[in-house]
Amino acid sequence: MIVPMGVVLGLSAVLFGIGVFGFLARRNVILMLVSTEIMLNAVNLSLAGFSRYLDDPSGQILALFVIAVAAAEAGVGLGLVIALNRNKPGAGPADLTELKW
Amino acid sequence: MTSLTAQAAFYSMAVASVASALLAVTRKNPVHSMLWVLALFLHVAGIFLLLDAEFLAVVQVIVYAGAILIFYLFVLMLLDLPGEVGRPRFGRHWPLAAAAGLSFGALAWLARFGTPAKDGVDAAGEAARAATERSPRGGLADIGLELFGPFALPFEIASLVLLAAIIGAVVLARRRAAGS
């Protein structure tokens, strides 16, 4: 193994923290969704690392499922963004306080 | 590849991925953010390669960088880009968000010392492989055997999830017929 497992987990932790910050701080729905993708990528990184360290391909399978769910999430999330943009052009997450419009 | 070049490649890609993730969440222009996320995905694919996860690296490039990100870029065209650049990029609560991200990252960073990875797992995995003198499991053949063996049912359910997502996206994004 080229680097210790702790290094991979640390990189994954840093990327996940950046994703959390982006999701909470950005005020554009699409960029919030992209921050979610950054977090999912961080998790995939640690899954691939564990798969390599424990010498077990299950980690990679799990990462593949995470990618499939990420694709589903992107489809539904962006469908919501399109619907939102049609009903309230230019609305950000701060405007969505009434659950109904 | 010798161990030293592999290590240098890993650390340079780690630094580059952290930098592009930071740039992605802080750039004002959403298109620039997307391009930095693309750089992040490609660097993570490189790290997958170094972790002997070739199939995952290919899927990362094709599905993530190729399909999902392009989809995001297309939807981004709906935005009023000049107006978006003119508005503040963060909400007023961004210091709180930074604190949350930092504390989560720090917690996960600390948690990695709790894993036995430093010696136990590391050494056990390496010893097991050295004993059998085989290449690490996780190649394409191993993944295929796992995917259509023990993971066959979850694999089929994943296709159901994707189908539900397709139908949901079409229903959500469909233009309502006049009068309804």
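Residues numbered from 1 in each chain as written. Chains lettered and ligands numbered in written order. Predicted model: local features only at pLDDT ≥ 70, side-chain atom pairs only at ≥ 80, totals over all residues.

1. A word on the overall build of chain A
Heads up, the rule is: Secondary structure elements follow DSSP: runs of H or I no shorter than four residues count as helices, runs of E no shorter than two count as strands, and numbering proceeds from the N terminus. Here the globule rule reads 2.2 Å times residues to the power 0.38, and the radius of gyration is calculated from C-alpha atoms.
When its secondary structure is counted, chain A shows three helices and zero strands. Mapped in sequence order, the helices and strands of chain A form the string α-α-α. Relative to the globule expectation of 13 Å for 101 residues, the C-alpha radius of gyration of chain A, 17 Å, shows a markedly less compact shape. Viewed in the frame of its principal axes, chain A has a C-alpha envelope of about 55 × 25 × 15 Å.

2. Structural notes on the overall build of chain B
For clarity, the threshold we go by: Contact between residues is assigned whenever the C-beta positions, reconstructed from backbone atoms, fall within 7 Å.
A tally of helices and strands in chain B yields eight helices and zero strands. Helices and strands in chain B line up, N terminus first, as α-α-α-α-α-α-α-α. Intrachain contacts of chain B at a sequence separation of at least 6 include 55% that bridge at least 24 residues.

3. Side note on the nonpolar core
Cut-off, in case you're wondering: For this entry, the nonpolar core is defined as buried Ala, Val, Leu, Ile, Met, Phe, Trp, Tyr and Cys residues connected by C-beta atoms within 7 Å. Here the C-beta atoms are placed from the backbone, and a residue counts as buried if at least 20 other C-beta atoms lie within 10 Å of its own, exposed if 12 or fewer do, and partly exposed otherwise.
Ranked by internal contacts, the top residues of the largest apolar core, which has 68 residues, are Leu15, Ile30 and Ile38 of chain A together with Phe48, Leu56 and Tyr72 of chain B. When contributions to this core are tallied by element, the ones reaching two or more residues are helix 1 (5–25), helix 2 (29–53) and helix 3 (58–87) of chain A together with helix 1 (3–26), helix 2 (30–50) and helix 3 (54–76) of chain B. Excluding anything up to four places from it in sequence, Tyr72 of chain B contacts Ile30, Val34, Ala74 and Leu78 of chain A together with Met34 of chain B.

4. Remarks on the packing of helix 2 of chain A against helix 3 of chain A
All names here are of chain A. Filter applied, for reference: Lines fitted to the C-alpha atoms define the axes, with helices restricted to the stretch that makes contact. Angles between their N-to-C directions range from 0 to 180 degrees. The cut-offs work like this: below 35 degrees is roughly parallel, past 145 is roughly antiparallel, 65 to 115 is roughly perpendicular, and the gaps in between are oblique. Classification convention: Asp, Glu, Lys, Arg as charged; Ala, Val, Leu, Ile, Met, Phe, Trp, Tyr, Cys, Pro as nonpolar; all other residues, Gly among them, as polar.
Between helix 2 and helix 3, the least distance of the axes is 9 Å, while the angle of their chain directions is 175 degrees. The orientation of helix 2 with respect to helix 3, classified from their angle, is roughly antiparallel. For the pair helix 2 and helix 3, the contacting residues are Val29, Ile30, Leu33, Glu37, Leu40, Val43, Asn44, Leu47, Ala48, Phe50 and Ser51 in the first and Ser58, Gly59, Gln60, Leu62, Ala63, Val66, Ile67, Ala70, Ala74, Gly77, Val81 and Leu84 in the second. By residue class, the composition of the contact of helix 2 with helix 3 is 16 nonpolar, six polar and one charged.

5. Examining unusual backbone geometry
In the Ramachandran plot, Asp55 of chain A falls in the positive-phi region, its phi being about 60 degrees despite a non-glycine side chain. Mapped onto the elements of the fold, Asp55 of chain A is located in the loop between helix 2 and helix 3. Residue classification places Asp55 of chain A among the buried positions, given that 20 C-beta atoms sit within 10 Å. Not every positive phi belongs to a glycine, and Asp52 of chain B is a case in point at roughly 65 degrees.

6. A short note on the interface of chain A and chain B
Listed by partner, the interface residues are 64 residues for chain A and 78 residues for chain B. Secondary structure elements with two or more residues in the side of chain A that touches chain B: helix 1, helix 2 and helix 3 of chain A. The leading source of residues in the side of chain A that touches chain B is helix 3 of chain A, at 22 residues. Residue composition of the side of chain A that touches chain B, by class: 43 nonpolar, 15 polar and six charged.

7. Comments concerning the packing of helix 2 of chain B against helix 3 of chain B
Residues and elements named next belong to chain B. It is at 8 Å that the axes of helix 2 and helix 3 come closest, and there the two elements cross at 175 degrees. If you check the angle between helix 2 and helix 3, you find them roughly antiparallel. On helix 3, the residues touching Pro30, Val31, Met34, Val37, Leu38, Phe41, Leu42, Val44, Ala45, Phe48 and Leu49 of helix 2 are Glu54, Leu56, Ala57, Gln60, Val61, Tyr64, Ala65, Leu69, Tyr72, Leu73 and Leu76. Tallied by class, the residues present in the contact of helix 2 with helix 3 amount to 20 nonpolar, one polar and one charged.

8. Things to note about the confidence of the model for chain B
Residues and elements named next belong to chain B. Selection rule: A residue's pLDDT is the predictor's confidence in that residue, given on a scale from 0 to 100.
Looking at chain B, pLDDT values average 83 and 82% of them are 70 or higher. Taken element by element, chain B is modelled with least confidence in helix 6 (residues 120–132), mean pLDDT 57, and with most confidence in helix 2, mean pLDDT 93. Scoring the predicted complex yields pTM 0.86 and, for the interface, ipTM 0.91.

9. Let's talk about helix 2 of chain A
All names here are of chain A. As a reminder of what qualifies: Take the residue count of a helix, subtract one, and multiply by 1.5 Å to get its expected span.
Given a rise of 1.5 Å per residue, 25 residues ought to cover 36 Å, and the 37 Å separating the end C-alpha atoms of helix 2 matches this to within 8%. The element helix 2 is extensively covered by neighbouring structure, given that 22 of its 25 residues are classed as buried. Positive phi appears at Asp55, one or two residues downstream of helix 2, with a value of about 60 degrees.

10. So, the confidence of the model for chain A
Looking at chain A as a whole, its pLDDT mean stands at 87, while 97% of the residues score no less than 70. The least confident element of chain A is helix 3 of chain A, whose mean pLDDT is 90; the most confident is helix 2 of chain A, at 92.

11. Describing the environment of Gly83 of chain B
Checked against the element boundaries, Gly83 of chain B lands in helix 4 (residues 81–86). Residues Gly83 of chain B and Ala165 of chain B lie 82 residues apart in sequence; the distance between their C-alpha atoms is 31 Å.

12. Side note on the environment of Tyr72 of chain B
Considering the arrangement of structural elements, one finds Tyr72 of chain B in helix 3. The spacing of Tyr72 of chain B and Met34 of chain B is 38 residues in sequence and 8.0 Å in space, taken between C-alpha atoms.

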